[in-house]
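Spelled out, the chains give:
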Amino acid sequence: MSGEAQPQNVSSLPLPPMQYINMYTDDNLKRGRAPKPPPPIKDQYSMFGVTFHADDQIIRPLESQNLRRLYPQNYDHKRELKKLNHSILVNFLDLLDILIKSPDSPKRPEKIDDLTLLFIHMHHLINEFRPHQARETLRVMMDEQRTQRLDTAQRFRRQVNRAQDLLKNALAKLPDDAMLDRRLKIKSEPADVKMEIKEENDMDAEDEAEPQCSTLDRMMCDIVDAMN
C-alpha cells in the first residue's frame with residue numbers, strides 16, 4: 001500500500017502567472033515597487049474575438065449584435081429558458097441524425113448555426129439574471145453582517161451583565177459604615193493608650209534629667225536677691 005501513488009488534487013484551472021505574482025511581495029508593496037494596475041480602457045477592446053466598446057451596456061440587446069430575436073420583447077425568463085433548452089435538445093438530435101445519414105448534407109451547417117443561435121439566446125437570458133444575482137448576493141452578505149453584528153452585540157451585553165453582577169457581589173461583601181467605624185475605633189484605642197503612656201514617660205524623663213540644686217546654693221541665691 002505504501003508503494004501505491006497517492007491521489008493528488010489537481011486544479012482544472014491553469015496556474016496563475018507566477019512571474020507577475022512574485023512582484024507583489026510585502027516589501028515591494030511597502031516600497032511602492034509593485035506594478036500598478038492597468039489603466040481603464042476608454043475606447044474599444046476585443047474579448048474572445050468580439051469587439052466591445054467601453055460605453056456599451058453591460059448586457060447588450062441582441063439587435064445590437066445583429067442577431068435575430070427568437071422570443072418576444074415581453075417574456076418570462078423561466079418559460080423561455082425551458083423552451084430554449086428543449087429546442088437545443090431537438091436540434092442536437094437532428095444534427096446527429098444528419099451526421100449519421102448524410103454527413104455532407106447542406107443541412108449540417110444550418111443545424112450548427114441554429115444551435116449556435118440557440119446557445120447565444122440562452123446565454124443572453126442567463127446574463128440578464130446577473131443584476132438580480134448581484135442584488136441577492138449583496139442582500140445575503142448584508143444579512144450575514146447584520147447577524148454577526150447582532151451576535152457580537154449580544155455577547156458584549158452578556159459580558160456587561162456579568163461585570164455588573166461581579167460588581168454587585170463585591171459591593172455586597174463590603175462592610176457598612178457603622179461596622180467600619182467600630183473596627184477603626186477598636187484599633188485606635190490601644191494606640192491612644194500607648195501615646196498617653198509614652199507622654200507620661202517622657203515627662204518623667206525630663207524631670208529626672210533636671211539637675212538637683214543644693215541647699216547652700218539656694219541660700220546664696222536668696223542672699224543675693226535680698227541685697228538687691
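Everything below is about the structure printed above this text.
In this report, we go over the structure that sits alongside the text. (Residues numbered from 1 in each chain as written. Predicted model: local features only at pLDDT ≥ 70, side-chain atom pairs only at ≥ 80, totals over all residues. Heavy atoms only, no water.)

A short note on the overall build of the chain
Across its full length, the chain holds 7 helices and 2 strands. Scanning the chain from its N terminus toward the C terminus, one meets helices and strands in the order α-α-β-β-α-α-α-α-α. Considering only residue pairs separated by 6 or more positions, the chain has 50% of its internal contacts joining residues 24 or more positions apart. Split by element, the accessible area of the chain, about 20900 Å² in all, is 57% carbon and sulfur. (Helix = DSSP H or I, 4+ residues; strand = E, 2+ residues; numbered from the N terminus. Contact = heavy atoms within 4.5 Å. Areas by Shrake-Rupley, 256 points an atom, 1.4 Å probe, with all protein chains shown as cover.)

Considering the pattern of salt bridges
As enumerated under the stated definition, the model contains 6 salt bridges in all. The salt bridge involving Glu80 is made with Lys83; its shortest N-O contact spans 3.8 Å. Of this pair, Glu80 and Lys83 both sit in helix H3 (residues 77-101), 3 residues apart, roughly one helical turn. For Arg139, the salt bridge is made with Asp143, and the minimal N-O distance between the two is 3.3 Å. (Salt bridge = Lys/Arg side-chain N within 4 Å of Asp/Glu carboxyl O.)

Regarding the side chain of Asn28
Along the polypeptide, Asn28 turns up in helix H2 (residues 26-31). Judged by relative accessible area, Asn28 falls into the buried class, the value being 17%. When neighbours within four sequence positions are excluded, Asn28 is seen to be in contact with Asn22, Met23, Arg33 and Ala34. (Buried < 20%, exposed > 50% of the residue type's maximum accessible area, 1.4 Å probe, protein only.)

Topic: the environment of Glu128
Looking at where Glu128 falls in the secondary structure, it is placed in helix H4 (residues 107-128). Taking the C-alpha atoms as reference points, Glu128 and Ile59, 69 residues apart in sequence, are found 6.8 Å from one another. Excluding its chain neighbours within four sequence positions, the residues that come into contact with Glu128 are Ile59, Tyr75 and His77. Within the local environment of Glu128, its side chain forms a polar contact with the side chain of His77, the two groups lying 2.7 Å apart. (Polar contact = N/O pair within 3.5 Å; in protein donor to acceptor, adjacent residues only side chain to side chain.)

With respect to the side chain of His121
Mapped onto the elements of the fold, His121 is located in helix H4. A relative accessible area of 0% places His121 in the buried class. A polar side-chain atom of His121 sits 3.0 Å from the main-chain amide nitrogen of Leu70. Once you skip the residues sitting within four places of it in the chain, His121 turns out to touch Leu62, Arg68, Arg69, Leu70, Tyr71 and Leu84.

A word on the layout of surface pockets
The calculated volume of the largest pocket comes to roughly 640 Å³. Lining the largest pocket are 21 residues, with Phe52, Arg60, Gln65, His123 and Asn127 positioned closest to its centre. Elements supplying a minimum of two residues to the lining of the largest pocket: strand S1 (44-47), strand S2 (50-53), H4 and helix H5 (130-173). Of the residues assigned to the lining of the largest pocket, the class counts are 12 nonpolar, 6 polar and 3 charged. (1 Å grid on protein atoms, 1.4 Å probe; cavity = no way out; pocket = protein on both sides within 12 Å on 5 of 7 lines; lining within 4 Å. Points joined across faces, edges and corners; volume = space filled by probe spheres on them. Nonpolar A, V, L, I, M, F, W, Y, C, P; charged D, E, K, R; others polar.)

Digging into the nonpolar core
Nonpolar side chains in soluble globular proteins tend to end up buried together. Leu62, Tyr71, Leu84, Ile88, Leu95, Leu115, Leu118, Met122 and Leu125 form the largest nonpolar core, which has 9 residues in total. Where this core is concerned, the elements lending two or more residues are H3 and H4. Looking at this core, the element that brings in the most residues is H4, giving 4 residues. Sequence-distant contacts of Leu95, that is, excluding residues within four places in its chain, are made with Arg108, Lys111, Ile112 and Leu115. (Core = buried A, V, L, I, M, F, W, Y, C linked by side-chain atoms within 4.5 Å.)

Considering the pairing of S2
On a regular strand, each side chain points to the face opposite its neighbour's, so the side chains alternate between the two faces of the sheet. In this structure, S1 lies alongside S2, joined through 4 bridges in antiparallel fashion. Note that in S2 the partner of Met47 across the bridge is Val50. The hairpin formed by S1 and S2 contains 2 residues between the paired strands, and Phe48 there has a positive phi angle of roughly 55 degrees. (Pairing = 2+ DSSP bridges.)

Quick look at H4
A rise of 1.5 Å per residue sets the reference length of H4, with its 22 residues, at 32 Å; its end C-alpha atoms lie 32 Å apart and thus fit the reference within 8%. Here H4 has its buried residues at Lys111, Leu115, Leu117, Leu118, His121, Met122, His124 and Leu125. The inward-facing, buried residues of H4 contact H3. (Expected span 1.5 Å × (residues − 1).)

What is shown is where atoms sit, not what they do.
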